[in-house]
Amino acid sequence: MSFNIFKQLNADAQEASASHAAETAATTNVPVEGSETIVPQTEDVVNIEIKPTVEETLVSAHDDFDWSVDKRNVTSYTADEKSRYDKVYDNTFKQINDGEMIQATVESLTKTDAVVNIGFKSDGLISLNEFRDVPGGVKVGDIIEVMVVEKEDREGNLHLSRKNARTTRAWERIVEVNKTGEIVTGVVTSKTKGGLIVDVFGMETFLPGSQIDVKPVTDYDQFVGKTMEFKVVKINEAIKNAVVSHKALIESDIEAQRAEIMGKLEKGQVLEGTIKNITDFGAFLDLGGLDGLLYITDISWGRINHPTEVLKMDQKLNVVVLDFDDDKKRISLGLKQLTPHPWDTLTENLKEGEIVKGKVVNIEDYGAFLEIMPGVEGLVHVSEITWANTPINAKEFFKLGDEYEAKVVTLDKETRKMSLSIKQMTEDPWSTIEQNFPEGSKHMGVVKNITPYGVFVELATGIGGMIHISDLSWLKRFNNPNEYTKVGNQIDVVIMHIDKDSRKLQLGHKQIEEDPWNTLESTFPVGSIHEGTVIKKDDKGALVQLPYGLEGFAPARHLTKEDGKVIAADEIAKFVVIEFDRNDKRIILSHSRSWEQVIEEEKQAVMKEKKADAEVTKKAVKNLQSKVEKSTLGDLGVLANLKAKMESDAASVATSASVTPVPTASAPETPEEPKAE
């Protein structure tokens, strides 16, 4: 027990000796005069523990003990001292808020982050990815601007961001330049759908494809990585999005050039331009900041189908100003006006009656235009194509690019009009029509055109006529000539009439053969029965095909069959001729009559047979009466039987006449001869 006490006293003495040595070397708690900003360390603020030496402990362990010192020997500060020291301590730190922008110093760098000091109680970390825009990378000691994202995150760390700070400052500047219209510089970082991404002040903005240049741009990749000037044209405060334009800067420069050029423009002025775009209707030329339109009709005196036949992209050429509009900034240009009109340079040898050669450059319904030389055209009217009087479609006769020789019919240099003729290159065949094609003569022709009322046939070049639909066949009737022939087929015709003044021929085809109706009347008499096929049927009746290619008509009421049904199309049946008109070429048929006639014949046969039986009976009775002079009672019985039989036969005949069909008649009974007494 005494050993333990001694051991404890020895340990306390050693601790007190060490504490006393520390006290002599430590700085007192009282601040140094003239040095109020000195911040005491946390260890210095804690009360100093003073421990007695071993000798003092042994001499007086309790008598000289300071009861104001706790068991750890820590000295307590007064309230005023604590308040004063707390104020000095708090003044050494900055008060920050979330979202605040603040200057920071890079203290050190790790492999992934930069340690940043903002004067707060702890340092913050910023990823090195946020310093990729810094040339050469971030270095220790660099002063940067950061944003306080969170003073304490989930782990109690200070969360800072240089990227957010740059984006916020960039947006503030973008909003400002949008109001002032200031021109900014940006770097095209990448391509996106419909345009480019541009870095302006460290913030990504959108450059639409239509705002890159005044000319249409198809290859966006050529602008990636370039530094260009832009103008902020649109911002969205809600999502902090901005749209920039490079085209606006070009247009502003062009507008100044346009105003200068428009102020000097005059009609007839010759300018040099560069072709920047070619369309179907013309070409657009850049006149040095101002565009002008060279219409297709003002490119060449001759006809062209497309401007690319004469012009090429980026081609430089001189043009003349035809017209301009100051308000709409439109300029009409001309190229052909720089050369004299071809009509003004025509030779004196070109006159009416001359033979010229030209190329078809335009085709209309009324004719075709032949280009004799560039800018000089003549019209070949449809009436001057051929001597024939048949209608001709110019679009079917001519083809673009074909060349023809023609005769100049009229020529007017003042109005710059010329009419040409192709048919006058040959002799008029109608002048000798009576000799070559007399009436009644037979010829072979080609079908050129078909109309609902007839067929136009060409017999020779310039000679043709029409076959009326009624003159195609003696036996058949057609709704349209297409049912009989087609365009391009050959057909035999007879010249029926010549109208030389009107240049018309009346032709016939059926007249090649004799009229068969003169002999058909004996073949198809009224009442004759023929087998026919229904080839067409409607509400009025049916068209029936008869032998020898003849056609007849059966009214609807004559198409009923014996069983009550109606004959259908394509059905074969027997028909009775009920009317034959040779003059009108018409045959009327009936199927109902065919079976009604058979029934009638059967009735007549039955009645004839009954009548014959009655005559035989009557004669037998007369023979008996002539042989018997007097009647006996037996004779009277026989006569009564004969009388009853005759009356019965007469009633039977009357009944059979009214019953249809008549049953087969039985053979008449032969009456027995009366026995003689």
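Residues numbered from 1 in each chain as written. Predicted model: local features only at pLDDT ≥ 70, side-chain atom pairs only at ≥ 80, totals over all residues. Heavy atoms only, no water.

S.K.: Please explain the overall build of the chain as it appears in this structure.
M.R.: The number of helices and strands found in the chain is eleven helices and 30 strands. Split into buried and exposed, the 677 residues of the chain put 32% on the buried side. A separation of at least 24 residues holds for 61% of the contacts in the chain among residues at least 6 apart in sequence. In the structure as shown, the chain presents an accessible area of about 42,600 Å², 50% of it carried by carbon and sulfur atoms. (Helix = DSSP H or I, 4+ residues; strand = E, 2+ residues; numbered from the N terminus. Buried < 20%, exposed > 50% of the residue type's maximum accessible area, 1.4 Å probe, protein only. Contact = heavy atoms within 4.5 Å. Areas by Shrake-Rupley, 256 points an atom, 1.4 Å probe, with all protein chains shown as cover.)

S.K.: What am I meant to see in the sheet that holds strand β13 (residues 291-295) here?
M.R.: What the five strands build is a closed barrel, ordered β11-β12-β13-β15-β14; its pairing is mixed. Averaged over all adjacent pairs, the angle separating strand axes in this sheet is 55°, with direction ignored. Bridging between strand β11 (residues 270-278) and strand β14 (residues 316-325) involves five bridges; their strand directions are antiparallel. Bridge pairing in β14 links G273 to L317. (Pairing = 2+ DSSP bridges. Axes fitted to C-alpha atoms, helices over the stretch in contact; angles between N-to-C directions.)

S.K.: Is there a simple way to explain the sheet that holds strand β22 (residues 454-460) in this structure?
M.R.: Strand pairing in a sheet relies on backbone hydrogen bonds. The paired strands run either parallel or antiparallel. Read around the closed barrel, the five strands follow the order β21-β22-β23-β25-β24; overall the barrel is mixed. Direction aside, the axes of adjacent strands within the sheet are offset by 50° on average. The pairing of strand β21 (residues 442-451) with β22 spans five bridges and is classified as antiparallel. Across the sheet, the residue bridging to V446 is E458, located in β22.

S.K.: What is the right way to look at the pattern of salt bridges in this model?
M.R.: Side-chain pairs of opposite charge can arise whenever the charged atoms involved come near each other. For the structure shown, the criterion picks out 13 salt bridges. Where R416 meets D344, a salt bridge forms, and the shortest distance between an N and an O atom there is 3.3 Å. Taken as a pair, R416 in the loop between β19 (403-412) and β20 (417-421) and D344 in the loop between β15 (330-334) and β16 (355-364) lie far apart in primary sequence, 72 residues in all. Here D344 falls in the exposed class, since its relative accessible area comes to 55%. Across the salt bridge formed by K448 and E458, the nearest N and O atoms sit 3.6 Å from each other. Of this pair, K448 sits in strand β21 while E458 sits in strand β22; the two residues are ten residues apart in sequence, bridging distant segments of the chain. Overall, the relative accessible area of 46% leaves K448 in the partly exposed class. Several salt bridges converge on common partners, so that one network encompasses E145, R169 and E172. (Salt bridge = Lys/Arg side-chain N within 4 Å of Asp/Glu carboxyl O.)

S.K.: I'm lost on the packing of aromatic side chains in this one. Help?
M.R.: Here the distance between the centres and the angle between the planes together describe a pair of aromatic rings. Tallied over the full model, the rule gives five aromatic pairs. With a centroid separation of 6.2 Å and 90° between ring planes, the pair formed by F281 and F284 is classed as edge-to-face. The exposure class of F281 is partly exposed, given its relative accessible area of 38%. For F284, a relative accessible area of 26% corresponds to the partly exposed category. Where F397 meets F398, the ring centres are 4.9 Å apart and the plane angle is 80°; that geometry is what we call edge-to-face. The class of F397 is partly exposed, set by a relative accessible area of 37%. Overall, the relative accessible area of 1% leaves F398 in the buried class. One cation-aromatic arrangement involves R84 over Y85; the distance from NZ or CZ to the ring centre is 4.9 Å. (Phe/Tyr/Trp six-rings, centres within 6.5 Å; stacked < 30°, edge-to-face > 60°. Lys NZ or Arg CZ within 6 Å of the ring centre and 35° of its normal.)

S.K.: Explain helix α5 (residues 162-180) to me, please; I cannot follow it from the model alone.
M.R.: An α-helix turns once per 3.6 residues; consequently, residues spaced three or four apart project the same way. Relative to the 27 Å expected for 19 residues at 1.5 Å per residue, α5 spans 27 Å between its end C-alpha atoms, a close match to the ideal helical length. For α5, the N-terminal capping position is held by S161, with its side-chain oxygen 3.5 Å away from the main-chain nitrogen of K163. Just downstream of α5 lies G181, where phi reads positive at about 80°. (Expected span 1.5 Å × (residues − 1). Polar contact = N/O pair within 3.5 Å; in protein donor to acceptor, adjacent residues only side chain to side chain.)

S.K.: How should I be thinking about unusual backbone geometry in this particular structure?
M.R.: Residues apart from glycine generally show negative phi values, whereas peptide bonds are mostly found in trans. Positive phi values are uncommon outside glycine, yet R416 reaches one of about 60°. Exposure remark for R416: the relative accessible area of 36% places this residue in the partly exposed category.

S.K.: Would you mind going over a negative patch on the surface with me for this structure?
M.R.: On the surface, E562, D563, E600, E601 and E602 cluster together to form a negatively charged patch. Following the sequence through the fold, E600 ends up in helix α10 (residues 592-627). Overall, E600 belongs to the partly exposed group, its relative accessible area being 40%. (Patch = residues over 30% accessible without salt bridge, like charges linked within 9 Å, V, L, I, M, F, W, Y side chains within 5 Å. Lys, Arg positive; Asp, Glu negative; His and termini not counted. Charge placed at Lys NZ, Arg CZ, Asp CG, Glu CD.)

S.K.: Can you help me understand the environment of V106 in this one?
M.R.: As for its placement among the helices and strands, V106 is situated in strand β1 (residues 101-109). Given a relative accessible area of 1%, V106 falls into the buried group. Separated by twelve residues in the primary sequence, V106 and I118 have C-alpha atoms spaced 9.1 Å apart.

S.K.: Can you walk me through the pairing of β14 in this structure?
M.R.: Regular strands place side chains that alternate from one sheet face to the opposite one. By the bridge criterion, five bridges tie β14 to β15 in an arrangement that is antiparallel. The partner of F324 across the bridge, within β15, is I331.

S.K.: How should the side chain of K336 be read in this particular structure?
M.R.: Assignment of secondary structure puts K336 in the loop between β15 and β16. One buried charge, K336, has no salt-bridge partner; the nearest side chain with opposite charge is D298, at 4.3 Å. Within the structure, K336 has its side chain in polar contact with the backbone oxygen of T297 (distance 2.8 Å).

S.K.: It is not clear to me how the pairing of β11 should be interpreted in this structure. Could you clarify?
M.R.: Direction of pairing for β11 relative to strand β12 (residues 282-286): antiparallel, over a ladder of four bridges. Within the sheet, the bridge partner assigned to N277 lies in β12 and is F284. Taken together, β11 and the strand that follows it, β12, pair antiparallel across an intervening segment of three residues.

S.K.: When you look at the confidence of the model for the chain in this model, what are you seeing that I'm missing?
M.R.: Atom-level detail of predicted coordinates should not be read off regions where pLDDT is low. Scored by pLDDT, the chain has a mean of 77; 79% of the residues are at 70 or more. Every residue in residues 53-60 is under pLDDT 50, and counting partners more than four places away or in other chains gives ten contacts. (pLDDT = per-residue confidence, 0-100.)

S.K.: Where do I start with the side chain of E384 in this structure?
M.R.: Structurally, the position occupied by E384 is in the loop between β18 (376-381) and α7 (394-397). No salt bridge is formed by the buried E384; its nearest oppositely charged neighbour, K423, is found at 4.3 Å. The residues contacting E384, other than those within four sequence positions of it, are L420, S421, I422, K423 and Q424.

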